[in-house]
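# Working through the structure, step by step
Take a look at the letters that make up each chain.
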Amino acid sequence: MPRLNADVSGSLELVLAEVLNNIVKHAYPEGQEGPIEVSMHTRGEDIECRVKDFGRAMPNEALPAGIAPDIPEELDCLPEGGFGWFLIGELAKDLTYTRRDSTNLFSFRMPAGLPIAANQTN
Amino acid sequence: MSARYTSDIETTLDTRMKLESRQEGEDLIVTVGEARVDAAIAVQFKDGMRKFIADGHDRVVLDLSNVGFLDSSGLGAVVAVMKLMGPDRRLDLAGLTPTVEKVFRLTRMDLVFKIFDDLDAAVSPSAATT
């Protein structure tokens, strides 16, 4: 795996954290335990990530819309959640979700600006 | 600005949340001593901040310069603290590291908070009134 610049690694860490948080909270809720498999590969200029779990399916077996929460004028109405999938959608590309054989598979690419030449041995 | 841990940390050790506070003029400065404010610690952060804001300062500056990583749960906790303070008091932010700044910018929460480059800027005489 090539060395990533701080901006890319920060974004990658953030997206992975949000995906993993979602799995821990919703796929394996209330103390349920289960494995999570994470793999990363270079793909062209990008880092391609796959995250697999064996827990509950996403609602409707689909990705949420990932729409930015409204920022209202009133302090009391400010959102305290709902940012996770929005951040994933802003930072990652080609996000997919597949439910198959009681597993959840998320995949996404993180634009990393990797030199293509460095990947030609792949 | 070096992180100095005062007796305030004693009150938060039970939650393993490192928060240090000091008075600066009329303001309260709270420095987060954690490298990460994420889902694992968001609730402790909110609880730890609750006792600092209970002192009733009109302006609290949250120094995030030690925090290299903040996720959506951490963001939600910071927003929650501001809401706890109510509309007549201010929670300002200082010292956002690049990835933390990115989270605030993408979610447009940078428009909700007053954000200073560092603590010096946050406590300058003009900062409190702007």
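### Here's the deal with the environment of Pro29 of chain A
Assignment of secondary structure puts Pro29 of chain A in the loop between α1 (6-27) and β1 (36-43). Judged by local crowding, Pro29 of chain A falls into the exposed class, with 11 C-beta atoms found within 10 Å.

### Focus on the sheet that holds strand β6 (residues 90-94) of chain B
Residue and element names in this part refer to chain B. What the 5 strands build is an open sheet, ordered β1-β2-β4-β6-β7; its pairing is mixed. The sheet terminates laterally at β1 (19-24) and β7 (115-116), the two strands that pair on one side only. Here β1 pairs with strand β2 (residues 27-32) via 6 bridges, running antiparallel. Residue pairing for β2: Arg22 is matched across the bridge by Ile29. Relative to the sheet, helix α2 (residues 42-53) contacts β1, β2 and β4 (59-63), its axis offset from that of β1 by approximately 20°.

### Concerning the sheet that holds strand β4 (residues 103-111) of chain A
Residues and elements named next belong to chain A. Spatial ordering of the open sheet is given by β1-β2-β4-β3, a layout of 4 strands whose pairing is antiparallel. Lying at the two open borders of the sheet, with one neighbouring strand each, are β1 and β3 (93-100). The mean inter-strand angle of the sheet, taken between neighbouring strand axes irrespective of direction, is 15°. Both strand β2 (residues 46-53) and β4 contribute to a ladder of 8 bridges, which runs antiparallel. Following the sheet pairing, Val51 is matched in β4 by Phe106.

### Some details on the pairing of β1 of chain A
All names here are of chain A. With 8 bridges connecting them, β1 and β2 associate as antiparallel partners. Across the sheet, Val38 pairs through a bridge with Val51, a residue of β2. The hairpin turn running from β1 into β2, its antiparallel successor, is 2 residues long, and Gly44 in that turn takes a positive phi close to 60°.

Cut-offs used in this document
- Residues numbered from 1 in each chain as written.
- Chains lettered and ligands numbered in written order.
- Predicted model: local features only at pLDDT ≥ 70, side-chain atom pairs only at ≥ 80, totals over all residues.
- Helix = DSSP H or I, 4+ residues; strand = E, 2+ residues; numbered from the N terminus.
- Buried ≥ 20, exposed ≤ 12 C-beta atoms within 10 Å, placed from the backbone.
- Pairing = 2+ DSSP bridges.
- Contact = placed C-beta atoms within 7 Å.
- Axes fitted to C-alpha atoms, helices over the stretch in contact; angles between N-to-C directions.

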